[in-house]
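Listed below are the residues making up each chain.
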Amino acid sequence: MCGIIGILGSAPAAPRLVQALKRLEYRGYDSAGVATLEGGRIERRRAPGKLANLELELAGAPLSGVSGIGHTRWATHGAPTTANAHPHATDKVAIVHNGIIENFRSLREGLAKAGHEFASETDSEVIAHLITDGLDNGLTPEQAAIAAVRRLEGAFGIACLFAGEEDVLIGARKGSPLAVGIGDGEMFLGSDAIAVSPFTTRVMFLEEGDIAILSRARAKILDANGQVVTRQIHVFSGAAAAVEKGNHRHFMQKEIYEQPETSGRTITRYVNAFDERVEMPDLDGVDLAADNAIVIGCGTAHYAGRVAEYWLEQVAGIAVETDIASEFRYRKPAFGRKSFAVFVSQSGETADTLAALRYCKDQGVKTLAVVNVPESTIWREADARLPTLAGPEIGVASTKAFTAQLSALAALAIATGRARGAISSQEEGRLVRALMETPRMIAQALDSEPKIEAIAHELSQARDVLYLGRGVHYPLALEGALKLKEISYIHAEGYAAGELKHGPIALIDEGTPVVVLAPHDSLFEKTLSNMQEVAARGAKLILITDSAGAAAASDIAKHLILAPACDPFIAPLVYSVPIQLLAYLTAVHKGTDVDQPRNLAKSVTVE
Ligand code: F6R
């Protein structure tokens, strides 16, 4: 989304801020800016476009202060102009922000009524004004920052610099990563360890809900409950920082926890939050107003495509066919006259997916790649592309790439609905608003880890596990079973909940674990009947649902995993989290090689 950096240093901050921002440009380069304290006063330099423009700005009007913050922007709310570039500031505080403040409209209205004047169209600027409000009411910088953060809804990483406070820098993390770099008599904040690696090798990673109050001598960390906590200090070389696990035991765990950030980054790439519209890049001849769509991928990427099948049909009313890439071309599929084909791939190098893409191109069908690795073969060969912005995925089992694929495909479904005249602008606005809630909902779903941990301990003893889902949760059941088998080596199968009685129910035995994905939506009652069928035959039900679903099924479920109540449209994104955590924690209990499970490879370049 965006990159942030903060410095309490002993040398001029501006050149160091720019140096760090160069390492963060991969997170966005729509605009860049820095703010430093010059004799206690906040001074800013900002420029649209790449960092080189900011460097020119600084060359013309240098800054010499030793305390400062910087930002490189991936535009979400508001065009990439100088006015919308961070840092946003009042005469008392300057802030940089990465993420989305969901309740910015209501906060902004309230602040405007109280006399605050806004200079940008961003969601971020409310943070500066909220903090200023606290300072105006006599709070200290620490108190004002804490009070402001408590009022923010959404996902964010923030750094704040205060006028007249040469030795205070405050950072906060909720859903977007933030690291504290500890130097010799200096202190740093950065979106990742790479940002601060030119200045120090000692780094602490903030946890969800943490607020860091930094001075040059001390880093005080408050957790989500306001308690002072310590966070482990990691020491690495600059090179190691590029691919580090942070506080996490495995890359897979880290990548699961990155999902508020990676889904948000992907969604905001395709969504104009101000106009509540989806904005697609130039699709180079791919006409979304088609009669048919074909969605192809392998493994997890295929399951993302299967979720998209429901979305495209329900939202856009388009006829959709999905298939696994390794079989698709052997069918010699026929195409309607107005079709487009979507190829979903993390690596962009999967041989079967590439072969299917080439088949479609040979048949004259326009191709669209939903790919994570830029410039990969599928990326290059497709007619058009919708990048997923998950960043490098190191764990072999795909997690954040899956939810990033879902994020891009959800936006594609809305865009197709509009192109085909299937949805009104009001309905588009409603879907966009729901989509924008995804990072926060995913962050809430991550809170279920302690509960899942206890269940995973029991599940690690199982020989076979069934996963059930209905509607859009059926492909998610398939994905849940795939995650479990590939990293824990426990046999698992996903079924459509209504299909079980046509055969697989014979597998149910006393104590067979059955994981059911069932939010309390329009299909819940039917799935409840299927749960009763398996419970009556001795199955041990692990139900993943929301609070309404839990109330309705608590008597038959042995275990309940609570997911936040959310709009049904984004439920597949939110329910991805518990199935990933369940597989991950079960594998940890079994002691398998989670990040590099046996027999697998991250990029499958053979057919
Ligand atoms: C499972 C997994 C695989 C991949 C599949 C396709 O966790 O990662 O099933 O989804 O091999 O790979 P990509 O997406 O690179 O085409």
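Residues numbered from 1 in each chain as written. Predicted model: local features only at pLDDT ≥ 70, side-chain atom pairs only at ≥ 80, totals over all residues. Heavy atoms only, no water.

**Description of the overall build of the protein chain**
Working step 1: Of regular secondary structure, the protein chain possesses 21 helices and 27 strands.
Working step 2: Across its three principal directions, the C-alpha atoms of the protein chain cover 75 × 50 × 50 Å.
Working step 3: Counting across all 607 residues of the protein chain, residues that qualify as buried make up 62%.
Working step 4: In the protein chain, 72% of the contacts between residues at least 6 apart in sequence involve partners at least 24 apart. (Helix = DSSP H or I, 4+ residues; strand = E, 2+ residues; numbered from the N terminus. Buried < 20%, exposed > 50% of the residue type's maximum accessible area, 1.4 Å probe, protein only. Contact = heavy atoms within 4.5 Å.)

**Regarding the sheet that holds strand E18 (residues 292-297)**
Strand pairing in a sheet takes place through backbone hydrogen bonds and is either antiparallel or parallel in direction.
Working step 1: Pairing within the open sheet is parallel, and its five strands lie in the order E19-E18-E20-E21-E22. In this open sheet, the two strands that pair with only one neighbour each are strand E19 (319-324) and strand E22 (384-387). Mean inter-strand twist for the sheet, computed between neighbouring axes without regard to direction, equals 20°.
Working step 2: Summarising the sheet, strand E21 (residues 366-371) and E22 pair through four bridges and their orientation is parallel. (Pairing = 2+ DSSP bridges. Axes fitted to C-alpha atoms, helices over the stretch in contact; angles between N-to-C directions.)

**Some details on the site of the ligand**
Working step 1: Looking at the ligand, there are 13 residues lining it, with Ser-345, Gln-346, Ser-347, Thr-350 and Glu-486 nearest.
Working step 2: Between the ligand and the protein, one listed contact pairs an oxygen atom with a side-chain N or O atom of Thr-350 at 2.4 Å.
Working step 3: Here an oxygen atom of the ligand and a side-chain polar atom of Lys-483 are 2.9 Å apart.
Working step 4: A total of 410 Å² of accessible area belongs to the ligand in isolation, and the protein chains cover 88% of it.
Working step 5: Elements that contribute at least two residues to the shell around the ligand include exactly helix H10 (299-316) and helix H18 (473-488).
Working step 6: Looking at which element gives the most residues to the shell around the ligand, the answer is H10, with three residues.
Working step 7: Tallied by class, the residues present in the shell around the ligand amount to four nonpolar, seven polar and two charged. (Near = heavy atom within 4 Å. Polar contact = N/O pair within 3.5 Å; in protein donor to acceptor, adjacent residues only side chain to side chain. Areas by Shrake-Rupley, 256 points an atom, 1.4 Å probe, with all protein chains shown as cover. Nonpolar A, V, L, I, M, F, W, Y, C, P; charged D, E, K, R; others polar.)

**Quick notes on the pattern of salt bridges**
Working step 1: Counting across every chain of the model gives 29 salt bridges.
Working step 2: The shortest N-O distance in the salt bridge between Arg-329 and Asp-352 comes to 3.9 Å. With Arg-329 in the loop between helix H11 (325-328) and strand E20 (339-345) and Asp-352 in helix H12 (residues 351-362), this pair connects stretches of sequence that are 23 residues apart.
Working step 3: Its relative accessible area of 14% is what places Arg-329 among the buried residues.
Working step 4: Given a relative accessible area of 11%, Asp-352 falls into the buried group. (Salt bridge = Lys/Arg side-chain N within 4 Å of Asp/Glu carboxyl O.)

**Some remarks on helix H17 (residues 449-459)**
Working step 1: Among all positions of H17, only Glu-449, Ile-452, Ile-455, Ala-456 and Leu-459 are buried. Down the axis of H17, the buried side of the element spans an arc of 120°, and every buried residue falls inside it. (Arc of directions from axis to C-beta.)

**Things to note about the domain arrangement of the protein chain**
Many structure descriptions define interface size as the accessible area lost when the parts assemble.
Working step 1: The assigned domain composition of the protein chain is domain 1 (3-247), domain 2 (256-439) and domain 3 (446-590).
Working step 2: Look at where the C-alpha atoms of domain 1 and domain 3 centre, and you get two points 40 Å apart. (Domains from an automatic or database assignment.)

**Structural notes on the side chain of His-129**
Working step 1: Relative to the helices and strands, His-129 is located in helix H4 (residues 125-136).
Working step 2: For His-129, a relative accessible area of 4% corresponds to the buried category.
Working step 3: Contacts of His-129, omitting those with residues within four sequence positions, involve Thr-90, Leu-111, His-116, Glu-117 and Phe-118.

**Details of the state of the cysteines**
One covalent bond between the sulfur atoms of two cysteine residues makes up a disulfide.
Working step 1: One pass over the full model with this rule turns up zero disulfides.
Working step 2: Cys-2 supplies the cysteine sulfur nearest to Cys-160, a cysteine that is in no disulfide, at a spacing of 15 Å.
Working step 3: Owing to a relative accessible area of 4%, Cys-160 belongs among the buried residues under this scheme. (Disulfide = S-S within 2.5 Å.)

**Comments concerning the pairing of E19**
Working step 1: Looking at chain direction, E18 and E19 are connected through six bridges and run parallel. Residue Gly-297 lies in a different strand from E19, and its bridge partner there is Ile-324.
Working step 2: In this view, the connection linking E18 to its parallel neighbour E19 by way of H10 has right-handed handedness. (Right-handed = clockwise from strand over helix to strand, strands pointing away.)

**Focus: the packing of aromatic side chains**
Working step 1: If you walk through the whole model with that rule in mind, you get six aromatic pairs.
Working step 2: Taking 6.0 Å as the distance between ring centres and 45° as the angle between the ring planes, the aromatic pair formed by Phe-104 and Phe-274 counts as tilted. Taken together, the positions of Phe-104 in helix H3 (residues 104-113) and Phe-274 in the loop between strand E16 (271-272) and strand E17 (277-278) put the pair 170 residues apart, joining distant regions of the chain.
Working step 3: For the ring pair Trp-311 and Phe-569, a centre distance of 5.4 Å and an interplane angle of 50° mean the geometry is tilted. Of the two residues, Trp-311 sits in helix H10 while Phe-569 sits in the loop between strand E27 (559-562) and helix H21 (571-590), which places them 258 residues apart along the sequence. Here Trp-311 and Phe-569 have matching classes, each one buried.
Working step 4: Among the aromatic side chains, those forming a connected cluster through ring pairs are Phe-328, Phe-335 and Tyr-359.
Working step 5: Between the NZ or CZ atom of Arg-105 and the centre of the ring of Phe-274, over which it lies, the distance is 5.7 Å. (Phe/Tyr/Trp six-rings, centres within 6.5 Å; stacked < 30°, edge-to-face > 60°. Lys NZ or Arg CZ within 6 Å of the ring centre and 35° of its normal.)

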